[in-house]
Amino acid sequence: MTSRLGGSSPLPVREKFVRKKSGKLRGLGIPTARDRTVQAALKLVLEPIFEAEFKPCSYGFRPKRRAQDAVEEIFFYATHFYEWVLEGDIKSCFDEIDHTALMDRVRDRIGDKRVLSLVKAFLKSGILGEDQVMRDTVTGTPQGGILSPLLANIALSVLDEHFMGQWESWGGQAGAPGGAVRDWPTTASCGMPTTSSSC
């Protein structure tokens, strides 16, 4: 599997802008059909490894977890014994992910250099703009790719670890729900937690 994946050279993604409910434009990066297939295979390899490490407070783009589940958990704790809900937003979270920091997180769990090279190649594949101008990708993981939500969750897991560490330092139980609930990134939101269109 890894030798097959490692032989692929990703092509630049095709830029496509879609209008959000707010009226602003969201930029998508659409991979080629071949690259989508390779990304899907790569996701099958990577997702179980990182899912085992993700914190229970994370809901966005995870198997058998939905934004509605995050809202239900907040509602439960808010109607029982919690008094505060803090909401945050990461502006352009997919676009601004630092490649070096992300790859460091991936290397912590993945030792196969071919897989690492392929992940990096997808991050650096470039963008063919709607104006037909080629641009390098210095930061970010383009929305529109099959692998991008997983890579965003890997990058954002450092925040989950920070918040859960704070929760545990205040006497919360390790792994217990209620310390923090993250619903980013979702298809509608990069906020914590929200179901509004805020990316």
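Note that this is a predicted model, so its numbers are computed, not measured.

Caption draft 1: Just the overall build of the protein chain, in detail. Broken down by element type, the protein chain carries 6 helices and 6 strands. Every one of the 199 residues in the protein chain was classed for burial, and the buried ones make up 43%. Nonlocal contacts in the protein chain, meaning residues at least 24 apart in sequence, comprise 68% of its contacts between residues at least 6 apart. For the protein chain, the exposed surface amounts to about 11,100 Å²; the carbon and sulfur share of it is 55%.

Caption draft 2: Representation of the environment of Phe163. On the secondary structure map, Phe163 appears in helix α6 (residues 148-169). Overall, Phe163 belongs to the partly exposed group, its relative accessible area being 32%. Phe163 sits 108 residues away from Lys55 along the chain, and the two C-alpha atoms are 10.0 Å apart.

Caption draft 3: Inspection of the nonpolar core at higher detail. If you look at the biggest cluster of nonpolar residues, it comprises 24 residues, and the most contacted ones within it are Leu42, Leu46, Leu102, Val119 and Ile154. Looking at this core, the elements with two or more residues in it are α2 (33-51), α4 (99-109), α5 (113-123) and α6. Take this core: its biggest share by element is 6 residues, from α5. If we ignore the near neighbours within four places in the chain, the residues touching Ile154 are Phe50, Phe54, Leu102, Arg105 and Val106.

Caption draft 4: Representation of the packing of aromatic side chains in the model. For the structure shown, the criterion picks out 1 aromatic pair. Ring centres of Phe76 and Tyr77 lie 5.0 Å apart, and the angle between their planes is 90 degrees; this geometry places the pair in the edge-to-face category.

Caption draft 5: View of the pairing of strand β2 (residues 25-30). One ladder, built from 6 bridges, connects strand β1 (residues 13-19) with β2; its direction is antiparallel. For Lys16, the partnering residue across the bridge sits in β2 and is Leu28. What sits between the antiparallel neighbours β1 and β2 is a turn of 5 residues, in which Gly23 has the positive phi angle 100 degrees.

Caption draft 6: The packing of α4 against α6, seen in detail. Between α4 and α6, whose axes approach to 9 Å, the crossing angle comes to 85 degrees. Relative to α6, the element α4 lies roughly perpendicular. Along the contact surface, α4 presents Leu102, Arg105 and Val106, while α6 presents Leu151, Ile154, Ala155, Ser157, Val158 and Glu161.

Caption draft 7: Fine view of the pairing of β1. Sheet topology note: the β1/strand β4 (residues 127-128) ladder contains 2 bridges and is parallel. By the bridge assignment, Val13 is partnered in β4 with Ile127.

Caption draft 8: Inspection of α2 at higher detail. For α2, which comprises 19 residues, the first-to-last C-alpha distance of 26 Å matches the rise-based estimate of 27 Å (1.5 Å per residue) to within 8%. At Val45, α2 shows its largest bend, some 30 degrees, and a proline, Pro48, comes one to four positions later. Looking at α2, one finds that the buried residues are Asp35, Val38, Gln39, Ala41, Leu42, Leu46, Glu47, Phe50 and Glu51.

Caption draft 9: Just the pattern of salt bridges, in detail. For the coordinates displayed, the defined rule picks out 10 salt bridges. Residue Arg135 pairs with Glu15 through a salt bridge whose shortest N-O separation is 2.6 Å. With a gap of 120 residues between them, Arg135 in strand β5 (residues 134-135) and Glu15 in strand β1 connect regions that are remote in the sequence. Overall, the relative accessible area of 13% leaves Glu15 in the buried class.

Caption draft 10: Summary view of the sheet that holds β2. Sheet architecture is open: 4 strands sit in the order β2-β1-β4-β5, paired in mixed fashion. Each of the sheet's edge strands pairs with one partner strand only, and the pair in question is β2 and β5.

Caption draft 11: Spatial organisation of the environment of Leu102. Structurally, Leu102 is set in helix α4. With relative accessibility at 1%, the residue Leu102 sits in the buried group. Considered as a pair, Leu102 and Leu156 are 54 residues apart in the sequence and their alpha carbons are 8.9 Å apart. For Leu102, the residues in contact, after removing those within four places along its chain, are Ile97, Leu123, Leu151, Ile154 and Ala155.

Conventions used here
- Residues numbered from 1 in each chain as written.
- Predicted model: local features only at pLDDT ≥ 70, side-chain atom pairs only at ≥ 80, totals over all residues.
- Heavy atoms only, no water.
- Helix = DSSP H or I, 4+ residues; strand = E, 2+ residues; numbered from the N terminus.
- Buried < 20%, exposed > 50% of the residue type's maximum accessible area, 1.4 Å probe, protein only.
- Contact = heavy atoms within 4.5 Å.
- Areas by Shrake-Rupley, 256 points an atom, 1.4 Å probe, with all protein chains shown as cover.
- Core = buried A, V, L, I, M, F, W, Y, C linked by side-chain atoms within 4.5 Å.
- Phe/Tyr/Trp six-rings, centres within 6.5 Å; stacked < 30°, edge-to-face > 60°.
- Pairing = 2+ DSSP bridges.
- Axes fitted to C-alpha atoms, helices over the stretch in contact; angles between N-to-C directions.
- Parallel < 35°, antiparallel > 145°, perpendicular 65-115°, else oblique.
- Expected span 1.5 Å × (residues − 1).
- Bend = angle between axes of the 7 residues up to and from the residue.
- Salt bridge = Lys/Arg side-chain N within 4 Å of Asp/Glu carboxyl O.

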